[in-house]
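The chain contents come next:
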Amino acid sequence: MDLETLRIVGFKAAQAGAKALMERFGKFHTVRKKGVIDLVTEADMRAEQAIVEVLAAACPEHAILAEESGRQGGDPAAGQWVIDPLDGTTNYAHHLPVFAVSIAFRSEGRVLLGIVYNPATGERFTAVAGGGAFLNDTPIGVSQTADLGESLLATGFPYDIRERAEGVITVFTRFLKHSQGIRRLGSAALDLCYLACGRFDGYWELNLKPWDTAAGALIVTEAGGRVTDFTGAPYRIERDHILASNACIHDAMLALLSTDR
Ligand code: IPD
Ligand code: CA
Ligand code: CA
C-alpha cells in the first residue's frame, strides 16, 4: 500500500473516531479510572472501536496497537497502526476542547504516517515520511527561536505524578527559570503538533506511551524539528520520555534535563 493510500485510509479512520468523540463531547460521561488520575470514558472506547473498524476493513493485513484494546489484527511485519483514540481524556471529561485523535502507521520500525486531528477546532495535522508536515492543507514548519530565554515551552505531568512530583517539579523549575514560559495543555499529541507549527519552541515529557507520540513525533520531524530522548539519542516510540524542539534550542534543553545538574 503506498503512502498516499495509507494517508487516505488513516484520515478516514481519524474522521470516524472524531465523529464518535464529537457526538459525546460536552455531555455527561461514564468515567472509569485506569489509575488514580488516569481516566477513560465511553467516548475513548467508542472512538477506538470506530477507528479500528475502518482500518481493519481497509487493511486486514496490518497489525493494530490501540491504547484501549491493545494488539490485534494482522502481522506487525506487514505494518502496524498505532492509535490513541482520544489524547487528552482528562480535558475531554471536563468539557475542555483540547483533545485529539492520533493515528500513526509504522513499518520496519519506522513511522511513515502521522495524523493528529482535533475535531473541536477542525485542526488536522498530518505528515508522511519525507513529505513535509501540514496543518489542514497548509505546509507547516517549526519556529526559528534560537534563545531558550525567549522560548515558549510545553510539558505534561505523568499520571504517577503523586509518586514522583519532586523530580518532575525540579526539572519544571529549571525550565521556568530559563524560558519565556511553560504551558501544560493535557494532550501530548497536540503539544507536539503545536511545536511543529511554531506555536511552541520546545516540549519535554516523561512516562508516555507509543500511541501518545507516534504521530506527533513524525509531524515534528517533518516540520524541521528535532526529536530525541533525554540523552540526545534519536527518539523511538518505545521510549517512555521525549524531548522535541525547533532544533535551535535542543542542546540548551538537553543540558537542563541532564541528571547531573
Ligand atoms: C495523556 C495526554 C497528556 C499526557 C499524559 C498522556 P491520554 O494521554 O497526552 O497530555 O500528559 O501522559 O497519557 O490519557 O489523554 O490519552
Ligand atoms: Ca494519550
Ligand atoms: Ca487516550
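What you see is a predicted model, and the numbers here were worked out from it, not measured in a lab. (Residues numbered from 1 in each chain as written. Chains lettered and ligands numbered in written order. Predicted model: local features only at pLDDT ≥ 70, side-chain atom pairs only at ≥ 80, totals over all residues. Heavy atoms only, no water.)

How would you explain the overall build of the chain if you had to name every residue and give the values?
Within the chain, the regular secondary structure consists of 7 helices and 15 strands. On the principal axes, the C-alpha backbone points of the chain span a range of 50 × 40 × 30 Å. Taking all 261 residues of the chain together, 54% fall into the buried category. Long-range pairs, those at least 24 residues apart, make up 61% of the contacts in the chain with a sequence separation of at least 6. (Helix = DSSP H or I, 4+ residues; strand = E, 2+ residues; numbered from the N terminus. Buried < 20%, exposed > 50% of the residue type's maximum accessible area, 1.4 Å probe, protein only. Contact = heavy atoms within 4.5 Å.)

Break down the coordination of the calcium ion (ligand 3) for me, with residues and values.
Coordination of the calcium ion (ligand 3) by the protein is provided by Glu67 (OE), Asp84 (OD) and Leu86 (O), with metal-donor distances spanning 2.2 to 2.4 Å. Read in sequence order, the donor residues coordinating the calcium ion (ligand 3) give the pattern E-x16-D-x1-L. Between the two metals, the calcium ion (ligand 3) and the calcium ion (ligand 2), the spacing is 3.7 Å, and aspartate 84 donates to both. Note that glutamate 67 is positioned in the loop between strand E3 (63-66) and strand E4 (70-73) and aspartate 84 in strand E5 (residues 80-87), a separation of 17 residues in sequence. (Donors = N, O, S within 2.8 Å, 3.2 Å for Na, K, Ca; no water.)

Quick one: what's the story with the packing of aromatic side chains, residue by residue and with numbers?
Going through the model one piece at a time under the given rule, you end up with 9 aromatic pairs. Ring plane angle 45° and centroid distance 5.3 Å describe the contact between phenylalanine 25 and tyrosine 92, whose orientation is recorded as tilted. Here tyrosine 92 lies in helix H3 (residues 89-93) and phenylalanine 25 lies in the loop between helix H1 (3-24) and strand E1 (31-33), a separation of 67 residues in the sequence. Accessibility classification places phenylalanine 25 together with tyrosine 92 in one group, the buried group. Centroid distance tyrosine 92 to phenylalanine 99: 5.0 Å. Interplanar angle 80°. Geometry classified as edge-to-face. The exposure class of tyrosine 92 is buried, given its relative accessible area of 0%. Among the aromatic residues, ring-to-ring pairing joins Phe25, Tyr92 and Phe99 into one connected group. (Phe/Tyr/Trp six-rings, centres within 6.5 Å; stacked < 30°, edge-to-face > 60°.)

How would you explain the site of ligand 1 if you had to name every residue and give the values?
Lining the immediate environment of ligand 1, one finds 16 residues, of which Asp87, Gly88, Thr89, Tyr159 and Glu205 sit closest. Glycine 88 places a main-chain nitrogen or oxygen 2.7 Å from an oxygen atom of ligand 1. Alanine 188 is positioned with one of its backbone polar atoms (N or O) 2.9 Å from an oxygen atom of ligand 1. In the complex, the protein chains occlude 95% of the 380 Å² of accessible area that ligand 1 would expose alone. Examining the composition of the shell around ligand 1, we find that 3 residues originate from one element, E5, more than from any other. (Near = heavy atom within 4 Å. Polar contact = N/O pair within 3.5 Å; in protein donor to acceptor, adjacent residues only side chain to side chain. Areas by Shrake-Rupley, 256 points an atom, 1.4 Å probe, with all protein chains shown as cover.)

Could you give an account of the pattern of salt bridges, naming the residues involved and the relevant values?
Any two side chains of opposite charge can pair, given that their charged atoms come close. Going through the model one piece at a time under the given rule, you end up with 10 salt bridges. Linking aspartate 137 and arginine 124 is a salt bridge whose minimum nitrogen-to-oxygen distance equals 3.4 Å. Of this pair, aspartate 137 sits in the loop between strand E9 (133-135) and strand E10 (138-140) while arginine 124 sits in strand E8 (residues 123-128), and the two are 13 residues apart along the sequence. Within the structure, one salt-bridge network assembled from shared partners comprises Lys19, Glu23 and Arg24. (Salt bridge = Lys/Arg side-chain N within 4 Å of Asp/Glu carboxyl O.)

How would you sum up the packing of H1 against helix H2 (residues 42-58)? Please name residues and give values.
It is at 8 Å that the axes of H1 and H2 come closest, and there the two elements cross at 155°. Here H2 runs roughly antiparallel to H1, going by the angle between their axes. Between H1 and H2 lies a crossing of right-handed hand. Here Val9, Lys12, Ala13, Ala16, Gly17, Ala20, Leu21 and Arg24 of H1 come into contact with H2, specifically with Glu42, Ala43, Arg46, Ala47, Ala50, Ile51, Val54, Leu55 and Ala58. Residues of the contact of H1 with H2, tallied by class, amount to 12 nonpolar, 1 polar and 4 charged. (Axes fitted to C-alpha atoms, helices over the stretch in contact; angles between N-to-C directions. Parallel < 35°, antiparallel > 145°, perpendicular 65-115°, else oblique. Left-handed = near helix turned anticlockwise from the far one by under 90°. Nonpolar A, V, L, I, M, F, W, Y, C, P; charged D, E, K, R; others polar.)

Describe the side chain of serine 187, with residues and values.
Mapped onto the elements, serine 187 comes out in the loop between strand E12 (181-183) and helix H5 (188-196). Relative accessible area serves as the criterion here: at 1%, serine 187 is assigned to the buried category. Within the local environment of serine 187, its side chain forms a polar contact with the side chain of aspartate 87, the two groups lying 2.7 Å apart.

Describe the coordination of the calcium ion (ligand 2), and please don't skip the residues or the numbers.
Reference geometry at the metal: tetrahedral coordination by four donors gives ideal angles of 109.5 degrees; octahedral coordination by six donors gives 90 or 180 degrees. Every protein donor of the calcium ion (ligand 2) is listed here as Asp84 (OD), Asp87 (OD) and Asp212 (OD), and their distances to the metal cover 2.1 to 2.2 Å. The sequence pattern formed by the donor residues of the calcium ion (ligand 2) is D-x2-D-x124-D.

Kindly report on the nonpolar core, identifying the contributing residues and their values.
Residues Trp81, Val116, Phe125, Tyr203 and Ile219 are the most contacted members of the largest nonpolar core, which totals 70 residues. Listed in part, the 14 residues of the second largest apolar core include Leu153, Phe172, Trp204 and Leu243. (Core = buried A, V, L, I, M, F, W, Y, C linked by side-chain atoms within 4.5 Å.)

Account for the sheet that holds strand E14 (residues 226-228), naming residues and giving values.
The mixed open sheet is built from 5 strands, whose spatial order is E12-E11-E13-E15-E14. In this open sheet, the two edge strands, each paired with only one partner strand, are E12 and E14. Averaged over all neighbouring strand pairs, the angle between strand axes comes to 20°, with direction disregarded. In terms of strand pairing, strand E11 (residues 152-155) meets E12 through 3 bridges, oriented parallel. If you follow leucine 153 over to E12, its bridge partner there is isoleucine 182. On the sheet, H5 packs against E11, strand E13 (202-206) and strand E15 (241-245) and is oriented at approximately 160° with respect to E13. (Pairing = 2+ DSSP bridges.)

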